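Secondary and tertiary structure notes
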Amino acid sequence: MIRKLILEIYSILKDIALFASYSHKIPISFTFNKLPYQNLRIFIDIFLTKKYQKKIIKKFSLNDQKDYELGASNGIILNQNYFPEKILDDIKNISENLIKNYKQHNILVDDGGNLEENSKSFSRYYYLPNFDEKLTHEVAELYNILYSNNSILNQLNFLAGLNFKKKDIIIHISKVKGKLLSDDWHSDCFSHTAKAFLYLQNIEKSNSPFCFLKGSHSNVNLKILNQKENANSIFKNNEKKDKHGDEIWNKLEDSNYKKEIFDNSELVECSFPKSTLITCDTSGFHKKGFSDGQKERFTIGFVTKRGSMYEKFKSAFF
Ligand SMILES: [Fe+2]
């Protein structure tokens, strides 16, 4: 009993200290699971994100403004032929070389936390050293090409509602095939947050196309219900309070609101040719689509740091 009480006090303090942090995905205390803790965070996040979006959209040309507005309402921005063919080939060649000699480029490799036990699937994520670290010539060259066009950074900033610097973006080169944990519909975070994917090869229906439920990022009512449900279920299964960050999943499969969420959004399956760049608000439900396990999917991913409400506040008002 006393142990339980101490754990509850610890959890309440942690929830208060981390209220503004987007890495603190859900409340861990019983008290804040009962109180509208997560609702309040969702509302603050929406307010700050919209404020920032209104501010930066003015910097774009009138034509681009329309695309960004559509992106905010869909939660996804599709850019076909993002790089000319010759440049995409360069990106691909450099990426292959970096993967081959990853150790000498200070590239970290893991399975992305996506492999199920005893799985026959293949999943390799090669994380480039951070932009502000000492880079080898080849890594610097890849960064230069990827950021030769401002759109990637602009789109990530816009969808997440945060003013990122290049050092806030983690870039990985990935090769995956077969069934992975990320094959299930899931939402990354309660707050608006962004990721981008550049296809280095043509991606077909059977080769893990990125899939997104358009509009699921902005349906406030369903987001609140789903977040509450997920926080409660994790509260019950995380008695030791030792699960955090990316160990906490919000899978649509486990939700009683699954049908409503599907009915209120539109499924987009991104089977597109190489050189397609997809920027997406991954607070909306998404997944890595079906793979028949025949061919690897070869992509470059851009993952933004989660940040905090303080940082969104700064981005929105200063
Ligand atoms: Fe995800």
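Right above here is the structure, for reference.
This report concerns the structure included in the present document. As the structure is a prediction and not an experimental result, all values here were calculated from the model.

One pass over the full model with this rule turns up 17 aromatic pairs. On the numbers, 5.1 Å between centres and 75° between planes, the contact of F131 with Y143 is edge-to-face. In this pair, F131 is assigned in the loop between β3 (122–127) and α6 (137–146) and Y143 in helix α6, connecting sequence segments twelve residues apart. Overall, F131 belongs to the partly exposed group, its relative accessible area being 32%. The exposure class assigned to Y143 is buried, which follows from its relative accessible area of 2%. Ring geometry for F197 versus F210: centroids 4.8 Å apart, planes at 35°, classification tilted. With F197 in strand β6 (residues 194–199) and F210 in strand β7 (residues 210–214), this residue pair connects regions lying 13 residues apart in the sequence. Like F210, F197 is buried. Connected via pairs of aromatic rings, a cluster forms that spans F47, F313, F317 and F318. In this structure, K175 packs its charged tip against the face of F298, placed 4.6 Å from the ring centre.

Under the counting rule described, the total for this entry stands at two cavities of 30 Å³ or more. One number sums up the size of the largest cavity: a volume of about 100 Å³. Forming the boundary of the largest cavity are 15 residues, of which S216, L222, K223, I261 and F285 lie nearest the centre. Among the elements that make up the lining of the largest cavity, the one with the highest residue count is helix α8 (residues 220–237) (four residues). Here the residues of the lining of the largest cavity are counted per class, giving four nonpolar, ten polar and one charged. Put simply, the second largest cavity is a space of about 70 Å³. Around the second largest cavity, the lining residues are K25, I26, S187, D188, C189, F190, Q227, N230, I248, W249 and N250. Here the lining of the second largest cavity is built from residues that sort into five nonpolar, four polar and two charged.

Time to look at the environment of R41. Note that R41 resides in helix α3 (residues 37–57). Given the relative accessible area of 0%, R41 is considered buried. On a C-alpha basis, the gap between R41 and S21 in space is 9.6 Å, while along the polypeptide they are 20 residues apart. Those residues in contact with R41 that sit more than four places away from it in its chain are L18, F19, S21, H24, K25, I26, F190 and M309. A distance of 3.5 Å separates a polar atom in the side chain of R41 from the backbone oxygen of L18.

Across the sheet, seven strands lie side by side as β1-β10-β6-β12-β4-β3-β2; this open sheet has antiparallel pairing. Every interior strand has two partners, whereas the edge strands, β1 (76–79) and β2 (108–110), have only one. Taking each pair of neighbouring strands and ignoring which way they run, the sheet shows an average axis angle of 20°. Summarising the sheet, β2 and β3 pair through three bridges and their orientation is antiparallel. Pairing of V109 across the sheet is with Y126, part of β3.

This part is about the pairing of strand β12 (residues 297–304). When you tally the buried positions in β12, you get seven out of eight residues, the bulk of the element. Across eight bridges, the pairing between strand β4 (residues 169–177) and β12 is antiparallel. For I169, the partnering residue across the bridge sits in β12 and is T304. Here five bridges tie β6 to β12, and the two strands are oriented antiparallel to one another. Bridged to Y199 within β12 is T299.

Judged by nonpolar contacts, the single largest core of 42 residues is most densely connected at L198, I300 and F302. When contributions to this core are tallied by element, the ones reaching two or more residues are α3, α5 (85–100), α6, α7 (151–160), β4, β6 and β12. Broken down by element, this core gets its largest block of residues, six residues, from α7. If we ignore the near neighbours within four places in the chain, the residues touching L198 are F83, L88, I91, L146, S275, T276, L277, F298, T299, I300 and F302. I76, F210, F272 and I278 belong to the second-largest nonpolar core, a separate cluster that totals eleven residues.

Calculation rules
Residues numbered from 1 in each chain as written. Predicted model: local features only at pLDDT ≥ 70, side-chain atom pairs only at ≥ 80, totals over all residues. Heavy atoms only, no water. Phe/Tyr/Trp six-rings, centres within 6.5 Å; stacked < 30°, edge-to-face > 60°. Helix = DSSP H or I, 4+ residues; strand = E, 2+ residues; numbered from the N terminus. Buried < 20%, exposed > 50% of the residue type's maximum accessible area, 1.4 Å probe, protein only. Lys NZ or Arg CZ within 6 Å of the ring centre and 35° of its normal. 1 Å grid on protein atoms, 1.4 Å probe; cavity = no way out; pocket = protein on both sides within 12 Å on 5 of 7 lines; lining within 4 Å. Points joined across faces, edges and corners; volume = space filled by probe spheres on them. Nonpolar A, V, L, I, M, F, W, Y, C, P; charged D, E, K, R; others polar. Contact = heavy atoms within 4.5 Å. Polar contact = N/O pair within 3.5 Å; in protein donor to acceptor, adjacent residues only side chain to side chain. Pairing = 2+ DSSP bridges. Axes fitted to C-alpha atoms, helices over the stretch in contact; angles between N-to-C directions. Core = buried A, V, L, I, M, F, W, Y, C linked by side-chain atoms within 4.5 Å.

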